[in-house]
Amino acid sequence: KVIGPGTLIATTRGAPPDAARRLAGRGAEVVRLPGRGGRVDLAALLDELGRRGVHELLVEGGGVVHGGFLAAGLAYRVVLFVAPLLLGQAGAPLAWLPGPGPATVAAALRLRGVSHRRLGDDMMLAGFLDGARPPARRRRAPRRTARHT
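Residues numbered from 1 in each chain as written. Predicted model: local features only at pLDDT ≥ 70, side-chain atom pairs only at ≥ 80, totals over all residues. Heavy atoms only, no water.

Attention now goes to the sheet that holds strand S5 (residues 77-82). Think of a sheet as strands paired side by side through backbone hydrogen bonds, with each pair either parallel or antiparallel. Taken together, the three strands give an open sheet; going across it, the order is S5-S9-S8, and neighbouring strands pair in antiparallel fashion. Every other strand in the sheet has two partners, leaving S5 and strand S8 (111-119) as the edge strands with one partner each. Across the sheet, the axes of successive neighbouring strands diverge by a mean angle of 15°, strand direction being ignored. Relative to strand S9 (residues 122-129), S5 runs antiparallel, the two sharing six bridges. Looking across to S9, one finds that Leu80 is bridged to Leu125. (Pairing = 2+ DSSP bridges. Helix = DSSP H or I, 4+ residues; strand = E, 2+ residues; numbered from the N terminus. Axes fitted to C-alpha atoms, helices over the stretch in contact; angles between N-to-C directions.)

Tracing the backbone through its elements, the reader meets Asp41 in the loop between strand S4 (39-40) and helix H2 (42-51). Side-chain polar atoms of Asp41 contact the side chain of Arg36, separated by 3.4 Å. Contacts of Asp41, omitting those with residues within four sequence positions, involve Pro34, Gly35 and Arg36. (Polar contact = N/O pair within 3.5 Å; in protein donor to acceptor, adjacent residues only side chain to side chain. Contact = heavy atoms within 4.5 Å.)

Residues Val79, Phe81 and Leu119 make up a contiguous nonpolar surface patch of about 260 Å² in total accessible area. With respect to the helices and strands, the residue Leu119 is situated in strand S8. With relative accessibility at 32%, the residue Leu119 sits in the partly exposed group. (Patch = residues over 30% accessible without salt bridge, like charges linked within 9 Å, V, L, I, M, F, W, Y side chains within 5 Å. Areas by Shrake-Rupley, 256 points an atom, 1.4 Å probe, with all protein chains shown as cover. Salt bridge = Lys/Arg side-chain N within 4 Å of Asp/Glu carboxyl O. Buried < 20%, exposed > 50% of the residue type's maximum accessible area, 1.4 Å probe, protein only.)

Attention now goes to the confidence of the model for the protein chain. Of all residues in the protein chain, 80% have pLDDT values of 70 or greater, and the mean over the chain is 83. Mean pLDDT across the elements of the protein chain bottoms out in strand S7 (residues 92-93) (54) and peaks in S8 (96). This stretch, residues 141-149, has a pLDDT under 50; its non-local contacts, to residues over four places away or in other chains, come to zero contacts. (pLDDT = per-residue confidence, 0-100.)

Let us look at the side chain of Thr7. With respect to the secondary-structure elements, Thr7 resides in the segment before strand S1 (8-12). Classification of Thr7 as buried rests on a relative accessible area of 17%. Polar contacts involving the side chain of Thr7 include one to the main-chain carbonyl oxygen of Val2, which spans 2.9 Å. The contacts of Thr7, once residues within four sequence positions are left out, are Val2, Ala28 and Glu29.

Let us look at helix H3 (residues 63-71). Looking only at H3, the buried set comprises Gly63, His66, Gly67, Phe69 and Leu70. Relative to the axis of H3, the buried residues are bounded by an arc of 160° and lie together on one face. Considering only its buried residues, H3 is in contact with H2 and S9. At the exit of H3 stands Gly73, carrying a positive phi of roughly 70°. (Arc of directions from axis to C-beta.)

Next up, the structure:
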């Protein structure tokens, strides 16, 4: 079971309240955040996670999710897993990111400090986005607890 105690689910403020109640009833914490284009605003999500002490995030998803982080300048490291399979959609084989993307090699997103590793038949490629910086770590204020006497 994926949803239960310790699970944090981020949704937009426009999400149906009954769905949030059902998830909370299974033990998940549901956080309502501002939306952008019908999806959770990714900068707001990272701000919320930072307040909770999360300073690094592994983002698993498809091109829309990854493209959202890249387009918003919210990614600094990329780890790609390449399998010996050729897939594509709408006449764009091997397209990883949706939309038009960079039209020229000069405009392409570049990685630096690239490493690679073979994992069975797959290949892992990792690197840092050129010009991107790791997020600043926020210091969390100590929690204050109230005492009742």
